[in-house]
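# Examining the three-dimensional arrangement
If you want the building blocks of each chain, they are given just below.
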Amino acid sequence: MDSDGVQHASNIETDPRDLPVEAVRNADGSWMQVTVRIAGRNVVARIWKALVGRVSVYLLDTNCKENASEDREITHRLYGGDAAVRIRQEMILGLGGVRALRALGMAPAVWHMNEGHAAFLILELVREGVAAGLDFAAALESAATQCVFTTHTPVAAGHDAFDVGLFTHCFQDLHTELGVSAERLFDLGRAPRAHVFNMTNLALNGARRMNGVSRIHGAVSSRLCADHWPEIPPEQNPVGYVTNGVHVPTFLAQTWSRFFDGVLGPEWRERLSDRDFWHSLTKVPDYDFWETAQQVKARMLDGVRARLRREYRAKDLNPAQLRRITRLLDPEQPNVLTLGFARRFATYKRASLMLRDRARLLRLISSEERPVLFLFAGKAHPADHPGQQVLREIKQLMLTPEFAGSVVFLEDYDMQLARWLVTGVDVWLNNPVAPLEASGTSGIKAAVNGRLNVSILDGWWAEGFDHNNGWGIPAADAQDADRRDALDAAAMLDAIEEEVVPLYYTRNQDGYSPEWVRRCKRAMMTVIPHFNMGRVVQDYARGVYYPAAQHHERLMRGGAPAARQFSGWKQRVRERWPGVALRRLTDTPRELPRAGMLNVRVAAALNGLKPDDVRVEFVARRVLPRSRSEPPPLSSFRTDSHDDAWRALLRPNGEIDSDGSAVYELQAAPPNCGQFAFEIRIFPWHDMLAHPLEMGLLRRL
Ligand SMILES: *Cc1c(COP(=O)(O)O)cnc(C)c1O
């Protein structure tokens with residue numbers, strides 16, 4: 001950053017010999033590589049392997065002599081290219097990625113796409129299916145049952161789209177190889193209201209299990225993707241959620257690891273998800289806990305101060321100003337309330353929100369007895385000029401005399417700086433525009449380290465906040481953006497001024513605030529067991545991966561007759577569906593009978609479909625009393641998650657109505673009493689469906 005606060009991007013050339021990666025070799029010693037045909041040219045990518053713990057990560061690199069010079073550039077830098085580079089990167093990743101794993105002799109049971117970036121892998125799996133003798137539709141069913149799609153942001157910039165010209169130019173005649181028209185291929189990624197190929201639409205078409213990364217984000221994604229299931233109310237479509245977590249051994253400060261070894265025993269590593277185990281933190285002496293937290297904070301202050309000194313020396317800046325800026329950054333005196341904000345400077349994250357009301361901010365930081373320090377760090381995407389403007393605003397405030405030393409911006413945000421900050425600041429801030437924060441994972445890292453979040457109730461925090469482990473700020477619901485920002489900023493500052501600062505500085509004779517320490521312990525003991533990566537992997541494995549693997553196995557067993565039958569069935573259902581209708585034969589009940597039987601009858605016009613091709617269902621959704629507020633289930637794919645509805649199937653009773661419709665009937669004793677909203681509905685049914693409403697077809701009464 002220059003002294004005007006302008007961010008300058010520089011790309012650092014990396015030499016693979018300096019990286020912990022190795023070339024993957026064939027038996028004959030030659031470098032293993034794959035070929036992808038892009039825009040009528042063969043592009044070669046060679047395979048590297050990195051070991052991350054016990055996990056092998058394979059990397060593809062097109063910087064090979066065989067390639068045309070512009071193709072060598074494809075994997076040169078991740079960001080900064082145009083759409084023509086981006087589509088080539090994604091072809092290498094998606095098509096080349098499948099081929100690389102095949103070349104390595106791997107046969108994944110499930111393919112998990114994180115964001116749409118890798119979604120071209122669907123096309124490669126379809127191509128494999130067609131090459132093995134399936135038709136396009138059956139090959140797509142096969143691929144889709146094997147594929148899982150996780151979306152990580154509702155922000156449009158995270159969803160790549162390519163215009164039809166570029167797509168056609170790059171893929172050329174792939175469609176003939178797949179046995180379909182160019183248009184049918186393009187339809188796989190067609191965005192609902194724009195003539196572009198959108199990777200998220202491809203992923204929705206080519207995956208049968210899909211999710212967001214927190215409960216709120218799952219609901220937001222359901223709405224964003226609602227067009228994909230046009231007849232399904234968004235909240236009932238197949239988009240679920242698995243709330244994110246963090247890899248605790250990576251993000252917990254080592255000082256805390258050693259502390260836990262001492263007070264909990266080394267088995268804490270195996271008991272990360274054990275709530276009762278972590279509850280024993282309450283018994284740890286407050287003083288020891290506080291001292292450990294202070295050591296971690298001192299480490300952060302030391303690192304941050306060293307970085308600022310280095311920056312000032314490198315830029316030959318004024319030493320008096322450096323002294324002013326670092327005056328509160330004293331590892332020997334780590335007792336200034338320190339609030340941190342560090343992440344990408346995407347505009348929806350509103351990095352400068354706390355700085356809106358300068359007068360109020362000045363009052364907050366000016367107290368001699370209760371000083372407050374704000375640390376900011378982050379980078380904006382090179383093409384994100386509004387994001388860079390936010391960063392500039394903070395940097396300029398840092399150089400204003402009244403704020404110097406109390407508002408500090410740290411440049412060159414990287415993983416080391418991020419680690420210092422999430423482990424070392426007293427308070428972690430996250431103040432996004434709700435509901436745009438899919439997860440806000442850095443807040444989990446802070447809480448795992450016993451730091452307190454003061455954050456908008458969005459993303460993971462809406463599930464993690466329990467009123468005692470930090471501060472949850474309800475988002476303002478103002479429509480006007482400026483007013484919304486003002487209200488959110490005021491609410492954040494209210495919490496900081498009226499609760500955080502007094503609590504932090506109410507110290508006992510040992511020099512710490514017992515109530516503060518109680519909350520820090522509470523943050524660790526509530527967040528570690530629910531938001532660790534082991535829990536996340538379990539939720540994906542049980543709720544998504546195993547079901548997908550079994551589903552695919554069922555579909556493909558014995559030469560894939562089920563895949564052919566199922567895709568043919570879907571096509572028939574789609575053709576017939578416009579003529580399917582439900583008609584009431586009994587009044588819908590106003591309430592469930594307290595005793596005795598509920599009787600419901602409808603006439604279903606099936607338009608040539610068989611009774612077995614559909615389900616007719618009675619649904620009673622509870623309106624009152626509201627269900628007990630239980631801890632949220634953290635994943636919609638858990639068997640214990642439920643939507644508080646009572647469902648019962650209506651069955652054909654053999655009667656045919658005057659217009660030829662089949663009569664469906666329900667006789668049942670409902671289990672609950674209370675106030676309900678009722679619905680009778682019909683939808684296609686097949687035991688190969690991954691989700692009852694997967695086809696997006698539904699008629700309701
Ligand atoms: C975890 C992490 C993030 C994510 O932060 P959000 O809270 O999701 O904005 C960003 N940068 C780094 C270096 C991280 O480790």
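About the criteria used
Numbers given for residues are sequential positions, taken from 1 along each chain in its written order. Since the coordinates come from a predicted model, pLDDT governs what is reported: local features require at least 70, and pairs of side-chain atoms require 80 or more to be given and counted, while whole-chain, interface and lining totals use all residues. To obtain the side-chain values, all non-hydrogen atoms of the structure were included, while hydrogens and water were left out. Only heavy atoms are used to decide nearness, and a residue is near a molecule or strand if one of them lies within 4 Å of it. Think of a polar contact as two N or O atoms within 3.5 Å of one another; within protein, one of them needs to be a possible hydrogen donor and the other a possible acceptor, and neighboring residues in sequence only count if both atoms come from side chains. Areas reported as accessible are Shrake-Rupley estimates using a 1.4 Å probe. Residue values count occlusion only from the protein chains shown. The classification used treats Ala, Val, Leu, Ile, Met, Phe, Trp, Tyr, Cys and Pro as nonpolar, Asp, Glu, Lys and Arg as charged, and all other residues, Gly among them, as polar. Lines are fitted to the C-alpha atoms to define the axes, a helix being fitted only along its stretch in contact, and any angle between axes, read from their N-to-C directions, falls within 0 to 180 degrees. A helix here means a DSSP run of H or I that spans at least four residues, while a strand means a run of E at least two residues long, and both kinds are numbered starting from the N terminus. Roughly parallel means an angle under 35 degrees; roughly antiparallel means over 145; roughly perpendicular covers 65 to 115; every other angle is labelled oblique. When the near helix sits turned anticlockwise from the far one by under a right angle, the crossing is termed left-handed; a clockwise turn instead gives a right-handed crossing. Only heavy atoms matter for contacts: two residues are in contact if any of them lie within 4.5 Å across the pair. Domain segmentation is taken from an automatic or database assignment of domains. Strands were regarded as paired on the criterion that DSSP finds at least two bridges between them. Between rings of Phe, Tyr and Trp, where Trp is taken as its six-membered ring, a pair exists when centres lie within 6.5 Å; planes separated by under 30 degrees are stacked, by over 60 edge-to-face, and by other angles tilted. A simple rule labels every residue: compare its accessible area, found with a 1.4 Å probe on the protein chains alone, to the largest value its type can have, and call it buried under 20%, exposed over 50%, or partly exposed in between. Note on geometry: a ring has a charge over it if NZ (lysine) or CZ (arginine) is within 6 Å of the ring centre and within 35 degrees of the ring normal. Put simply, a disulfide is two cysteine sulfurs that come within 2.5 Å. Think of a salt bridge as a Lys or Arg side-chain nitrogen and an Asp or Glu carboxyl oxygen that are within 4 Å of each other. Exposure above 30% relative accessible area and the absence of a salt bridge qualify a residue for a patch, where like charges join within 9 Å and nonpolar side chains (Val, Leu, Ile, Met, Phe, Trp, Tyr) within 5 Å.

On to the site of the ligand, then. Inspection of the region around the ligand gives Phe 251, Arg 343, Lys 349, Tyr 413, Ala 418, Gly 440, Thr 441, Ser 442 and Lys 445 as its neighbouring residues. Interatomic distance of 2.7 Å between a side-chain N/O atom of Tyr 413 and a nitrogen atom of the ligand. Notes on the ligand: free accessible area 390 Å², of which the protein chains cover 77%. Split by residue class, the shell around the ligand holds three nonpolar, three polar and three charged.

To continue, consider the packing of helix H2 (residues 83-103) against helix H5 (residues 164-171). Between H2 and H5, whose axes approach to 11 Å, the crossing angle comes to 45 degrees. The angle between H2 and H5 falls in the class oblique. In terms of crossing hand, the pair formed by H2 and H5 is right-handed. From H2, Ala 83, Ala 84, Ile 87, Arg 88, Met 91 and Leu 95 reach across to H5, where they touch Leu 166, Phe 167, His 169, Cys 170 and Phe 171. Class assignment for the residues of the contact of H2 with H5 results in nine nonpolar, one polar and one charged.

By the assigned domains, the chain splits into domain 1 (1-85), domain 2 (248-531) and domain 3 (577-700). Here the C-alpha centre of domain 3 lies 49 Å away from the C-alpha centre of domain 2.

Turning our eyes to something else, we now look at the sheet that holds strand S6 (residues 147-150). Spatial strand order, S5-S6-S9-S10: four strands in an open sheet with parallel pairing. Edge positions in the sheet fall to strand S5 (111-114) and strand S10 (239-241), since each of these pairs with one other strand and no more. Each neighbouring strand pair of the sheet contributes to a mean axis angle of 30 degrees, computed without reference to strand direction. When S6 meets strand S9 (residues 209-212), the two strands line up parallel, connected through three bridges. For Val 148, the partnering residue across the bridge sits in S9 and is Arg 209. Along the sheet, helix H3 (residues 121-131) contacts S5 and S6; its crossing angle with S5, the most-contacted strand, is approximately 155 degrees. Contacts between helix H4 (residues 136-146) and the sheet are confined to S5, S6 and S9, with S6 contributing the most and set at about 55 degrees to the helix.

Per the counting criterion, the structure on display carries 33 aromatic pairs. Measuring from centroid to centroid gives 6.4 Å for Phe 259 and Phe 260, while their planes differ by 55 degrees, and the two rings are tilted. Judged by its relative accessible area of 11%, Phe 259 is buried. Looking at Phe 260, the relative accessible area reads 0%, which means it is buried. Directly above the ring of Trp 31 sits Arg 25, whose terminal nitrogen or CZ lies 5.5 Å from the centroid. It is Arg 343 that lies over the ring of Phe 341; its NZ or CZ is 4.5 Å from the centre.

Bringing the state of the cysteines into the picture now. What the rule picks out here adds up to zero disulfides. The cysteine Cys 147 is free of any disulfide, with Cys 225 supplying the nearest cysteine sulfur at 16 Å. Of the cysteine sulfurs around Cys 170, a residue in no disulfide, the closest is that of Cys 64, at 18 Å. Taking the relative accessible area as the measure of exposure, Cys 170 reaches 1% and is therefore buried.

Here strand S14 (residues 427-430) shows no split at all, with Val 427 and Leu 429 on one side and Trp 428 and Asn 430 on the other all buried. The pairing of strand S11 (residues 337-342) with S14 spans two bridges and is classified as parallel. Within S14, the position partnered with Gly 340 by the bridge is Trp 428. When S14 meets strand S15 (residues 452-456), the two strands line up parallel, connected through four bridges. Bridge pairing in S15 links Val 427 to Leu 452.

Within the structure shown, the criterion is met by 52 salt bridges. Linking Arg 572 and Asp 613 is a salt bridge whose minimum nitrogen-to-oxygen distance equals 3.6 Å. Placement of the pair is Arg 572 in helix H23 (residues 561-576) and Asp 613 in the loop between strand S18 (598-605) and strand S19 (614-624), with a sequence separation of 41 residues. The closest approach of N and O atoms between Arg 681 and Glu 679, which form a salt bridge, is 3.5 Å. Each of the two residues, Arg 681 as well as Glu 679, counts as buried. Bridged by salt links that share partners, the residues Glu 617, Arg 647, Glu 679, Arg 681 and Arg 700 form one connected network.

In this section: the sheet that holds strand S12 (residues 372-377). Strands pair in a sheet through their backbones, by hydrogen bonds, and they do so in one of two ways: parallel or antiparallel. Pairing in this open sheet of six strands is parallel, and the strands run S13-S12-S11-S14-S15-S16 from one edge to the other. The open sheet has two free edges, formed respectively by strand S13 (407-410) and strand S16 (470-473), since each of these has just one partner strand. Each adjacent strand pair in this sheet contributes to an overall mean axis angle of 20 degrees, direction not counted. Across the sheet, helix H13 (residues 286-314) is in contact with S11, S12 and S13; its angle to S13 comes to roughly 70 degrees. Sheet strands touched by helix H17 (residues 415-424): S11, S12, S13 and S14. Its angle to S12, the strand with the most contacts, is close to 150 degrees.

A word on a nonpolar patch on the surface. On the surface, Val 52, Val 55, Val 57 and Leu 59 cluster together to form a nonpolar patch covering roughly 310 Å² of accessible area. Looking at which element gives the most residues to the nonpolar patch, the answer is strand S4 (residues 55-61), with three residues. For Val 52, the location among the structural elements is in strand S3 (residues 41-52).

What follows concerns the side chain of Ser 222. Counting through the fold element by element, Ser 222 comes out in helix H9 (residues 215-224). By relative accessible area, Ser 222 is classed as buried at 4%. Those residues in contact with Ser 222 that sit more than four places away from it in its chain are Pro 234, Asn 237 and Val 239.

Turning next to H3. Across the eleven residues of H3, nine count as buried, placing the element largely inside the fold. Where H3 ends, the next residue or the one after it, Gly 133, has phi of about 110 degrees, a positive value.

What follows deals with the environment of Ala 677. Among the structural elements, Ala 677 can be located in strand S22 (residues 675-684). Classification of Ala 677 by relative accessible area gives partly exposed; the value is 37%. Separated by 622 residues in sequence, Ala 677 and Val 55 place their C-alpha atoms 49 Å apart. Beyond its immediate chain neighbours, meaning those up to four positions away, Ala 677 contacts Val 619, Ala 620, Arg 621 and Val 623.

It is worth spelling out the packing of H13 against helix H21 (residues 514-530) at this point. One way to put it is that H13 packs onto H21 with a least axis distance of 10 Å and a crossing angle of 75 degrees. One way to sum up the angle between H13 and H21 is to call them roughly perpendicular. Contact residues: Asp 286, Phe 289 and Trp 290 in H13; Pro 514, Trp 516, Val 517, Cys 520, Lys 521 and Met 524 in H21. Partitioned by chemical class, the residues of the contact of H13 with H21 number seven nonpolar, no polar and two charged.

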